[in-house]
Amino acid sequence: MSALCMGCKKKEQPEDRPATTVIAVGHRGWDLCDEHAQKFGGYLVDLFGSDGLEPAVETPGSVVVTGEIPGYEPGAARRALENGGYRIVGHVEEDTTLIICGVRPAPHKVREAAEAGTPCMDATRAGAFREAVASGRWVGEDRLPAVEEKATAADVRRETDEQRDLRRKREADAMEKYNHWRRTELPKEMEASAKRWEEEREQKEQAEIRRIARSQLPPELSETEKIRAWARKNGYTVSNKGRIAGQVREAYHRAHDGQESLDLGVAS
């Protein structure tokens with residue numbers, strides 16, 4: 001979250017503005033935007049009748065800012081440094097006196113600072129950047145952060161003959177394995193896949209045929225409907241609904257038990 005102008009917040013402005021500078025008195029400071037910095041700075045000029053003292057701390061050279069500064073937007077952090085008389089550069093130069101590292105600093109900038117021995121300020125420490133803005137003292141006493149090194153174009157060009165030969169051999173071996181797989185294994189896999197597809201297609205066709213055949217069969221009668229149909233066929237009088245007489249049920253079962261016995265005798 002970026003530091004917001006305390007003047008805008010106090011006046012309940014419809015839009016909060018990011019703070020770009022700090023007016024400090026002793027150990028206390030107030031984050032202000034450019035408009036409120038000029039306004040309250042004007043109060044001090046009118047009060048004391050002067051434009052104030054020149055900065056007591058000289059800031060020669062340049063400063064590198066890399067990574068996200070907690071509590072500050074990138075533009076606000078740069079303006080805060082520029083308001084203190086610092087020159088912001090993108091790479092470590094001969095006159096660079098400090099590198100300020102925030103969250104996720106650029107690896108190549110950290111490496112440049114390490115090679116040049118540039119002092120580092122760790123802006124991820126709680127309140128470190130704000131305290132430096134308030135006091136005007138930018139001190140590089142922190143260790144450079146550990147970052148993941150990425151291979152640059154120069155690193156690639158520095159590849160040794162042995163490394164290049166090893167890399168080419170790995171690439172050739174991988175290509176040879178791929179070509180062997182295409183010649184031997186790929187046709188087998190394609191044939192097996194085609195066979196599986198044919199079997200699945202045939203199974204689906206048979207299932208569809210069985211479904212259509214079942215849909216065309218007359219619905220199977222229930223036990224009660226079978227008894228009614230047999231009774232009418234054999235001269236019994238039965239109603240379409242309601243309970244079937246016990247003697248009709250017994251006659252039906254005797255007739256079918258005898259048929260089952262006959263079927264079993266024929267089968268034996």
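Residues numbered from 1 in each chain as written. Predicted model: local features only at pLDDT ≥ 70, side-chain atom pairs only at ≥ 80, totals over all residues. Heavy atoms only, no water.

**Comments concerning the side chain of Thr66**
Here Thr66 shows up in strand S3 (residues 62–66). Engagement of the side chain of Thr66 in a polar contact is seen with the backbone nitrogen of Ala106, the distance being 2.7 Å. In contact with Thr66, other than residues within four places in its own chain, are Ile99, Ile100, Cys101, Gly102, Pro105, Ala106 and Lys109. (Helix = DSSP H or I, 4+ residues; strand = E, 2+ residues; numbered from the N terminus. Polar contact = N/O pair within 3.5 Å; in protein donor to acceptor, adjacent residues only side chain to side chain. Contact = heavy atoms within 4.5 Å.)

**Section: the sheet that holds S3**
One open sheet accounts for four strands, arranged S4-S3-S5-S6; its pairing is parallel. This sheet does not close on itself; its edge strands, each paired only once, are strand S4 (87–89) and strand S6 (120–122). Averaged over all neighbouring strand pairs, the angle between strand axes comes to 30 degrees, with direction disregarded. Pairing of S3 with strand S5 (residues 96–101), which is carried by five bridges, proceeds in the parallel orientation. Across the sheet, the residue bridging to Thr66 is Cys101, located in S5. (Pairing = 2+ DSSP bridges. Axes fitted to C-alpha atoms, helices over the stretch in contact; angles between N-to-C directions.)

**Some points on a nonpolar patch on the surface**
Among the surface-exposed residues, Met6, Val25 and Trp30 lie close enough to one another that they form a single nonpolar patch of about 260 Å² accessible area. If you trace the backbone, Val25 turns up in strand S1 (residues 21–25). Judged by relative accessible area, which is 49%, Val25 ranks as partly exposed. (Patch = residues over 30% accessible without salt bridge, like charges linked within 9 Å, V, L, I, M, F, W, Y side chains within 5 Å. Areas by Shrake-Rupley, 256 points an atom, 1.4 Å probe, with all protein chains shown as cover. Salt bridge = Lys/Arg side-chain N within 4 Å of Asp/Glu carboxyl O. Buried < 20%, exposed > 50% of the residue type's maximum accessible area, 1.4 Å probe, protein only.)

**Considerations on the layout of surface pockets**
The space that makes up the second largest pocket amounts to roughly 190 Å³. Of all the elements, helix H5 (residues 128–135) adds the most residues to the lining of the second largest pocket, at four residues. Of the residues belonging to the lining of the second largest pocket, the class tally is five nonpolar, one polar and five charged. (1 Å grid on protein atoms, 1.4 Å probe; cavity = no way out; pocket = protein on both sides within 12 Å on 5 of 7 lines; lining within 4 Å. Points joined across faces, edges and corners; volume = space filled by probe spheres on them. Nonpolar A, V, L, I, M, F, W, Y, C, P; charged D, E, K, R; others polar.)

**Here we look at the pattern of salt bridges**
As enumerated under the stated definition, the model contains 11 salt bridges in all. Note that Lys169 and Asp173 form a salt bridge whose closest N and O atoms lie 3.1 Å from each other. Linking Lys169 with Asp173, this pair stays in helix H7 (residues 161–216), spanning four residues, or about one helical turn. Ionic pairing is found between Glu205 and Arg201, a salt bridge with its closest N-O pair at 2.5 Å. Placement of both Glu205 and Arg201 in helix H7 is noted, with a separation of four residues, approximately one turn of the helix. Exposure remark for Glu205: the relative accessible area of 39% places this residue in the partly exposed category. Because the salt bridges share partners, they merge into one network encompassing Arg87, Glu93 and Asp95.

**Some words on the packing of aromatic side chains**
Following the criterion strictly, the structure yields seven aromatic pairs and no others. Pairwise contacts between aromatic rings join Tyr72, Tyr86, Phe129 and Trp138 into one cluster. (Phe/Tyr/Trp six-rings, centres within 6.5 Å; stacked < 30°, edge-to-face > 60°.)

**A short note on the environment of Cys8**
With respect to the helices and strands, the residue Cys8 is situated in helix H1 (residues 6–10). Overall, Cys8 belongs to the buried group, its relative accessible area being 0%. Separated by 10 residues in the primary sequence, Cys8 and Pro18 have C-alpha atoms spaced 9.3 Å apart.

**Focus: the pairing of S5**
Two faces, one strand: in a regular strand the side chains alternate between the faces of the sheet. For S5, a buried count of five out of six residues is recorded, marking the element as mostly surrounded by other parts of the structure. Two strands pair when backbone bridges link them, and S5 and S6 are joined in this way by three bridges, in the parallel orientation. Bridge pairing in S6 links Ile99 to Cys120. Each parallel crossover has a hand, and the one from S5 via helix H4 (residues 107–116) to S6 is right-handed. (Right-handed = clockwise from strand over helix to strand, strands pointing away.)

**Let's talk about the confidence of the model for the protein**
Across the protein, the average pLDDT comes to 82, with 85% of residues at 70 or higher. Counted against residues more than four places away or in other chains, residues 260–268, with its pLDDT under 50, gives zero contacts. (pLDDT = per-residue confidence, 0-100.)

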